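Here's the letter readout for the chains.
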Number of protein chains: 2
Amino acid sequence: MTTDNWINESLYPDWGQRFLVKRELARVQSEFQDIVIFDSFSHGRVMVLDGVIQITEADEFVYQEMLTHVPLLAHGAAANVLIIGAGDGGVLRRVLQHRTVKRAVMAEIDGEVIRLSKQFLPTIGGDAWNDPRAEVIVGDGIDYVKHATDAAFDAIIVDSTDPIGVGEVLFTDEFYANCARILTPRGLVVNQCGVPFMQADELRDTSARRAKFFPHVSAYVAAVPTYVGGFMTLGWAAKDASLTRVDVAEIRKRANASGILGDTKYWTPEIHVGAFNLPPYIARHLPE
Amino acid sequence: MTTDNWINESLYPDWGQRFLVKRELARVQSEFQDIVIFDSFSHGRVMVLDGVIQITEADEFVYQEMLTHVPLLAHGAAANVLIIGAGDGGVLRRVLQHRTVKRAVMAEIDGEVIRLSKQFLPTIGGDAWNDPRAEVIVGDGIDYVKHATDAAFDAIIVDSTDPIGVGEVLFTDEFYANCARILTPRGLVVNQCGVPFMQADELRDTSARRAKFFPHVSAYVAAVPTYVGGFMTLGWAAKDASLTRVDVAEIRKRANASGILGDTKYWTPEIHVGAFNLPPYIARHLPE
């Protein structure tokens, strides 16, 4: 993966990004994956799992804000939130920014990702790790949703790797069936669905799968600088169709009440609502 | 630039994209720049100028549609259009799709870009080169705007390289002053302003410059897969503030009348209107 002091992302065999490395900070083979954290010249510190860029200090705000604020503000009164994956702590931190949230459970399978993130990427999780509303579990998200109580959560945020390797089981029928069961009637699940310009199968296959268990399946977009290849899609599966139809004024009101408004660098009420308008090259991969 | 059979983009010194090369098709040092065209495994054919990716067959639709359809449909009755740069012919082709357009003048300084594009990227320009409404000039866009008649154009589309090398003079006071002079009272100019996550100076400096000569300066965004680094911005300078306030229904009506509706892969009326909603990390670089 390394040539001289460049790191080449190995996500695609024939195209990708590369970073000039200032200093490698950690290289760990965990029980689940190969973890590398390095300091770059261009994007601050960067975490790589199995050769795929997961997060950089410089642009993490785009992905985290869109993965968190959109479902929580579309719901409007999310009190109990389940996060699966997201071991860097960035989603947990954004979830806990919402005043509506009373409890945030996070299940990350790889304790090494949490440990290394706390050590080398401390600003990404910030104080969230110590928030009394946070319940951080080192364990399998699949098992967690299997054994969780019916209607225990208002929102589930799946921040997984792509559906290969350790992340693959988070894209199965059983997983989505359990998500539907443990969500409240206004509950919804969001998850990262890759960059459809390069990985259209990921959006198409997982959307079809979600549609088996949720009446309202869609996706919304975010332009994440280091998830290269144009828009990435965030998958959306809800029990209640009204959640994608909340207008800009209402989203703004909720964001203000939640303490989010004015505290974002990518998300705005207009971008929230507009993100569901998909370019035709993306929309064609969703179920009819 | 080449390591084995990979081509590394050299736009940024410490981060960028790389392509696995199937076959190099052309490598020419023109009077103005170093031109490379190669066939990739991932994106079809790719054109590179001075080490910077300009266009790929696979994703050219994003940039061309947004650079063309947004200004022309915001105007609503653009008959005379000036294109500066865009030697690959892709903007010319999109401009000529509009039934309102009676004349499209294109001034590209580098005849070698046109010649090589016709030879190796024939689908990008398509039949546009032979359209009787097209007037293709191999010459300096700066000179063209200096000598053009007052109020001769409804829209000017500047598809230049970044403001270094041959493209630099397209970002000067004199150039924008002449653009304002040769535009009709409802006229506007759009130009590519780089990827602000990486090149914020480009958006900030050129926006401030445009604001000297146009009362309404803004920008809109597009997520172009191979202009890596999140949203790219397209600069907007208009004499008439109403052009950015046209609603989705009216844009749809105009697109239908123009023959554009349903013939796009990225642009839609909703995306057109939504593209002016900038993330805060981008909006802060625009003039007050």
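Residues numbered from 1 in each chain as written. Chains lettered and ligands numbered in written order. Predicted model: local features only at pLDDT ≥ 70, side-chain atom pairs only at ≥ 80, totals over all residues. Heavy atoms only, no water.

Asker: Would you mind going over the interface of chain A and chain B with me for this structure?
Answerer: For an interface, size is often stated in terms of accessible area lost upon the parts coming together. Tallying the contact residues gives 39 residues for chain A and 38 residues for chain B. For the pair chain A and chain B, the summed buried surface comes to about 3000 Å²; carbon and sulfur atoms form 68% of the total. Here chain A and chain B share zero salt bridges between them. Applying the counting criterion to the chain A and chain B interface returns eight residue pairs in polar contact (both at pLDDT 80 or more). Looking at the side of chain A that touches chain B, the elements with two or more residues in it are β2 (6–8), β3 (15–29), α7 (196–210), α9 (269–274) and α10 (280–283) of chain A. Considering every element that reaches the side of chain A that touches chain B, the biggest residue donor is β3(A), with six residues. Across five bridges, β3(A) lies against strand β3 (residues 15–29) of chain B in antiparallel orientation. Bridging from a neighbouring strand, A:Phe19 pairs with B:Trp15 of β3(B). (Contact = heavy atoms within 4.5 Å. Buried area = accessible area lost by both parts, 1.4 Å probe. Salt bridge = Lys/Arg side-chain N within 4 Å of Asp/Glu carboxyl O. Polar contact = N/O pair within 3.5 Å; in protein donor to acceptor, adjacent residues only side chain to side chain. Helix = DSSP H or I, 4+ residues; strand = E, 2+ residues; numbered from the N terminus. Pairing = 2+ DSSP bridges.)

Asker: Is there a simple way to think about the sheet that holds strand β8 (residues 103–108) of chain B in this case?
Answerer: Strands belonging to one sheet form pairs held by backbone hydrogen bonds; the direction of such a pair is parallel or antiparallel. Residues and elements named next belong to chain B. Reading across the sheet, the seven strands line up as β9-β8-β7-β10-β11-β13-β12 and stay open at both edges, with mixed pairing between neighbours. In the strand order of this sheet, the two ends are held by β9 (134–138) and β12 (216–222), each with one partner. Across this sheet, the average inter-strand angle for adjacent strands is 15°, counted without regard to direction. Bridging between strand β10 (residues 153–159) and strand β11 (residues 183–192) involves five bridges; their strand directions are parallel. (Axes fitted to C-alpha atoms, helices over the stretch in contact; angles between N-to-C directions.)

Asker: Which parts of the structure should I look at to understand the packing of aromatic side chains?
Answerer: For any two aromatic rings, the description comes down to two numbers: the centre-to-centre distance and the angle of the planes. Evaluated as defined, the whole model comprises 27 aromatic pairs over all chains. Ring geometry for B:Phe19 against B:Phe38: centres 5.7 Å apart, planes inclined by 70°, an arrangement best described as edge-to-face. In this pair, B:Phe19 is assigned in strand β3 and B:Phe38 in strand β4 (residues 34–40), connecting sequence segments 19 residues apart. Considered together, B:Phe19 and B:Phe38 belong to a single accessibility category, that of buried residues. Taking 5.2 Å as the distance between ring centres and 80° as the angle between the ring planes, the aromatic pair formed by B:Tyr63 and B:Tyr227 counts as edge-to-face. With a gap of 164 residues between them, B:Tyr63 in helix α1 (residues 60–75) and B:Tyr227 in the loop between β12 and β13 (232–238) connect regions that are remote in the sequence. B:Tyr227 shares its class with B:Tyr63; the two are buried. Within the aromatic cluster, the residues linked to one another by ring pairs are A:Phe61, A:Phe197, A:Phe231, A:Tyr266, A:Tyr281, B:Phe61, B:Phe197, B:Phe231, B:Tyr266 and B:Tyr281. (Phe/Tyr/Trp six-rings, centres within 6.5 Å; stacked < 30°, edge-to-face > 60°. Buried < 20%, exposed > 50% of the residue type's maximum accessible area, 1.4 Å probe, protein only.)

Asker: Which parts of the structure should I look at to understand the packing of α1(B) against helix α8 (residues 248–258) of chain B?
Answerer: When two helices pack together, their arrangement is given by the angle between the helix axes and by the axis-to-axis distance. Residue and element names in this part refer to chain B. Where α1 contacts α8, the axes come no closer than 9 Å and their chain directions differ by 105°. When the axes of α1 and α8 are compared, the pair comes out roughly perpendicular. Residues Leu73, Ala74 and His75 of α1 pack against Ile251, Arg254, Ala255 and Ser258 of α8. Of the residues in the contact of α1 with α8, the class split is four nonpolar, two polar and one charged. (Parallel < 35°, antiparallel > 145°, perpendicular 65-115°, else oblique. Nonpolar A, V, L, I, M, F, W, Y, C, P; charged D, E, K, R; others polar.)

Asker: Sorry, what's going on with the pattern of salt bridges here?
Answerer: Close approach of charged atoms lets side chains of opposite charge pair. Residue and element names in this part refer to chain A. Inspection of every chain in the model, using the stated rule, returns 30 salt bridges over all chains. Measuring nitrogen to oxygen at the nearest pair gives 3.0 Å for the salt bridge that ties Asp173 to Arg209. One end of the pair, Asp173, is in helix α6 (residues 173–182); the other, Arg209, is in helix α7, with 36 residues separating them in the sequence. Taking the relative accessible area as the measure of exposure, Arg209 reaches 31% and is therefore partly exposed. If you follow the salt bridges from partner to partner, you end up with Asp173, Arg209 and Lys212 in one network.

Asker: Looking at this model, I keep getting lost on the sheet that holds strand β9 (residues 134–138) of chain A. Mind explaining?
Answerer: Residues and elements named next belong to chain A. The seven strands are arranged β9-β8-β7-β10-β11-β13-β12 in an open sheet whose pairing can be described as mixed. Edge positions in the sheet fall to β9 and β12 (216–222), since each of these pairs with one other strand and no more. Neighbour to neighbour, the strand axes of the sheet diverge by 15° on average, direction disregarded. Two strands pair when backbone bridges link them, and strand β7 (residues 80–85) and strand β10 (residues 153–159) are joined in this way by five bridges, in the parallel orientation.

Asker: Whenever I open this one, unusual backbone geometry confuses me. Can you help?
Answerer: Residues other than glycine predominantly adopt negative phi, and peptide bonds predominantly adopt the trans conformation. Phi is positive for A:Ala151, close to 55°, though the residue is something other than glycine. By the element assignment, A:Ala151 lies in the loop between α5 (141–147) and β10. Taking relative accessible area as the criterion, A:Ala151 reaches 41% and is therefore assigned partly exposed. Even without being glycine, B:Ala86 reaches a positive phi, approximately 60°.

Asker: Would you take a moment to explain the confidence of the model for chain A for this structure?
Answerer: Low pLDDT means the predicted atomic positions in that stretch should not be read closely. With 97% of its residues at a pLDDT of 70 or more, chain A has an overall mean of 94. For this predicted complex, the interface confidence reaches an ipTM of 0.95, while the overall pTM sits at 0.96. (pLDDT = per-residue confidence, 0-100.)

Asker: Where do I start with the environment of B:Ala275 in this structure?
Answerer: Residues and elements named next belong to chain B. The topology assignment puts Ala275 in the loop between α9 (269–274) and α10 (280–283). For Ala275, a relative accessible area of 4% puts it in the buried group. Every residue in contact with Ala275, bar those within four places of it in the chain, is listed here: Met66, Ala219, Tyr220 and Val221.

Asker: Can you help me understand the relation of the copies chain A and chain B in this one?
Answerer: Put simply, the two copies of the chain differ by a rotation about an axis and a shift along that axis. For the match of chain A to chain B, the screw axis carries a shift of 0.0 Å, the RMSD comes to 0.0 Å, and the turn is 180°. Such a combination of turn and shift is consistent with a two-fold rotation axis. Scanning chain A for the C-alpha nearest the rotation axis identifies A:Gln17, at a separation of 2.1 Å. Taken together, the interface assignments show that 97% of the residues at the interface of chain A recur at the interface of chain B, consistent with an identical surface on both copies. (Least-squares fit on C-alpha atoms with pLDDT ≥ 70 in both.)

Asker: Is there a simple way to explain the pairing of β3(A) in this structure?
Answerer: Regular strands place their side chains on alternate faces of the sheet. All names here are of chain A. Here β2 runs beside β3; their pairing, made up of three bridges, is antiparallel. If you follow Ile7 over to β3, its bridge partner there is Phe19. In sequence, β2 turns back onto β3 through a hairpin of six residues. Where β3 lies against strand β4 (residues 34–40), seven bridges are found, and the strand directions are antiparallel. Across the sheet, Arg27 pairs through a bridge with Val36, a residue of β4. The turn joining β3 and β4, which pair antiparallel and follow one another in sequence, is formed by four residues.

Asker: Would you mind showing me how to read the pairing of β12(A) here?
Answerer: Residues and elements named next belong to chain A. Summarising burial for β12: six of the seven residues are buried, a large majority. Bridge analysis of β12 against strand β13 (residues 232–238) gives seven bridges, and the strand direction is antiparallel. Across the sheet, the residue bridging to His216 is Ala238, located in β13.

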